[in-house]
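Here are the chains, one letter per residue:
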Amino acid sequence: MEPRSGCPVNAAVEVLGDRWSLLVLRDVIFGDRRHFRALLTGSIEGIASNILADRLKRLIDAGILTRGTAARGQRARFSLTEAGIQTLPIIYALGNWGLDWCQGSAELRSRQQLMRDEGPAFIEELMDELRVRHLGAPPKPHDGPGPLERLDAAYAAAAEEEHVDRR
């Protein structure tokens, strides 16, 4: 599909600017949800199956995701392309805006806060880890847990803290 204009912002908005596409990418990136059922049942916003199917098709057509071939009876696995991995700084910027201007639970804000606290080097390290998982790139050596493991730990700690506070 041709964009309405040659403006790069318009072209990006036409691919990513609907209500669901960035949330699907968020779930692929941070939740490692790579199958249709996992994306459908793991969506905290409650995406409908027809909307999810449409967004996945759009993201594949735009070169953001690929859909692996699956034998009959098996589930197809979706993977980020390099263009999909390059959406991480966009999601990061939107999340920072959300931290500053919107309310939310500490649990759901914890990953974004960690990324903000860690800064741009963390985002680059996370993109490298996504390349390993989705593109088969060789892992880069690092000390300690990787960025996705650190994000999961931040989420788990915030969830536990919220659970304790509710008692």
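Residues numbered from 1 in each chain as written. Predicted model: local features only at pLDDT ≥ 70, side-chain atom pairs only at ≥ 80, totals over all residues. Heavy atoms only, no water.

An unreviewed UniProt entry lists the protein chain under the name Transcriptional regulator, with Planobispora rosea given as the organism.

Q: Can you walk me through the overall build of the protein chain in this structure?
A: Across its full length, the protein chain holds nine helices and two strands. Listed N to C, the secondary structure of the protein chain is α-α-α-α-β-β-α-α-α-α-α in terms of helices and strands. Over its C-alpha atoms the protein chain spans a radius of gyration of 17 Å, differing by no more than 12% from the 15 Å that the globule rule assigns to 167 residues. Seen through its principal axes, the protein chain has C-alpha atoms that stretch 50 × 35 × 35 Å. Taking all contacts inside the protein chain whose residues are at least 6 apart in sequence as the whole, residues at least 24 apart take part in 53%. For the protein chain, the exposed surface amounts to about 10200 Å²; the carbon and sulfur share of it is 54%. In the protein chain, which carries 22 positive and 24 negative side-chain charges, the distance between the mean positions of the two groups comes to 8 Å. (Helix = DSSP H or I, 4+ residues; strand = E, 2+ residues; numbered from the N terminus. Rg over C-alpha atoms; globule rule 2.2 N^0.38 Å. Contact = heavy atoms within 4.5 Å. Areas by Shrake-Rupley, 256 points an atom, 1.4 Å probe, with all protein chains shown as cover. Lys, Arg positive; Asp, Glu negative; His and termini not counted. Charge placed at Lys NZ, Arg CZ, Asp CG, Glu CD.)

Q: Explanation requested: the nonpolar core in the structure shown.
A: Where a protein is soluble and globular, its nonpolar side chains tend to be buried together. In terms of nonpolar packing, the biggest core is built from 32 residues, with L25 and L126 touching the most fellow members. Breaking this core down by element, the ones donating at least two residues are helix 2 (21-31), helix 3 (36-41), helix 4 (49-61), strand 2 (78-80), helix 6 (88-101), helix 7 (106-118), helix 8 (120-135) and helix 9 (147-166). Residue contributions to this core peak at six residues, all from helix 2. Two domains each provide a minimum of three residues to this core, namely domain 1 (8-84) and domain 2 (87-165). Residues within four places of L126 in sequence aside, it is in contact with F30, L88, M115, P147, L148 and L151. (Core = buried A, V, L, I, M, F, W, Y, C linked by side-chain atoms within 4.5 Å. Buried < 20%, exposed > 50% of the residue type's maximum accessible area, 1.4 Å probe, protein only. Domains from an automatic or database assignment.)

Q: Any chance you could explain helix 4 here in plain terms?
A: Given 3.6 residues to a turn, an α-helix orients residues that are three or four positions apart in the same direction. Here helix 4 contains 13 residues, and its C-alpha end-to-end distance of 18 Å stays within 8% of the 18 Å for a straight helix at 1.5 Å per residue. Within helix 4, the full set of buried residues consists of L52, R55, L56 and L59. One side of helix 4 carries all its buried residues, which in axial view fall inside an arc of 100°. In this structure, helix 4 carries N50, K57 and D61 as exposed residues pointing more than 90 degrees from its buried face. Looking at the buried positions of helix 4, the neighbouring elements they touch are helix 1 (8-16), helix 2, helix 3, strand 1 (65-67) and strand 2. One or two steps after helix 4, the chain reaches G63, where phi turns positive at roughly 80°. (Expected span 1.5 Å × (residues − 1). Arc of directions from axis to C-beta.)

Q: Sorry, what's going on with the UniProt feature "domain: HTH hxlR-type" (unreviewed entry) in the protein chain here?
A: UniProt marks residues 7-106 with the feature "domain: HTH hxlR-type" (unreviewed entry), using the numbering shown here. Helix and strand shares over residues 7-106 are 58% and 6% respectively, and the end C-alpha atoms of the span are 37 Å apart. (UniProt positions renumbered as here; feature names shortened; annotations may be inferred.)

Q: Help me out: how do you make sense of the pattern of salt bridges in this one?
A: Side chains that carry opposite charge are capable of pairing whenever their charged atoms lie near each other. Counted under the stated rule, the structure contains 17 salt bridges. Note that R33 and D27 form a salt bridge whose closest N and O atoms lie 3.3 Å from each other. We classify R33 as partly exposed; its relative accessible area is 23%. We classify D27 as buried; its relative accessible area is 7%. Notably, a salt bridge pairs E129 with R133, separated by 3.5 Å at the nearest N-O pair. Linking E129 with R133, this pair stays in helix 8, spanning four residues, or about one helical turn. Residue classification places E129 among the buried residues on the basis of a relative accessible area of 17%. Residue R133 is classed as partly exposed on the basis of its relative accessible area, which comes to 36%. Linked through salt bridges whose partners overlap, the residues forming this network are D18, D54, R55 and R58. (Salt bridge = Lys/Arg side-chain N within 4 Å of Asp/Glu carboxyl O.)

Q: Would you mind going over the layout of surface pockets with me for this structure?
A: The gaps left among the atoms become clear once a water-sized probe is rolled over them. Taken as a whole, the largest pocket holds about 840 Å³ of empty space. In terms of lining residues, the largest pocket is bounded by 25 residues, among which L23, R26, I44, E45 and L108 are the most central. Taken together, the elements giving at least two residues each to the lining of the largest pocket come down to helix 2, helix 6 and helix 7. A class-by-class count of the residues in the lining of the largest pocket yields 11 nonpolar, eight polar and six charged. Formed jointly, the lining of the largest pocket draws a minimum of three residues from each of two domains, domain 1 (8-84) and domain 2 (87-165). (1 Å grid on protein atoms, 1.4 Å probe; cavity = no way out; pocket = protein on both sides within 12 Å on 5 of 7 lines; lining within 4 Å. Points joined across faces, edges and corners; volume = space filled by probe spheres on them. Nonpolar A, V, L, I, M, F, W, Y, C, P; charged D, E, K, R; others polar.)

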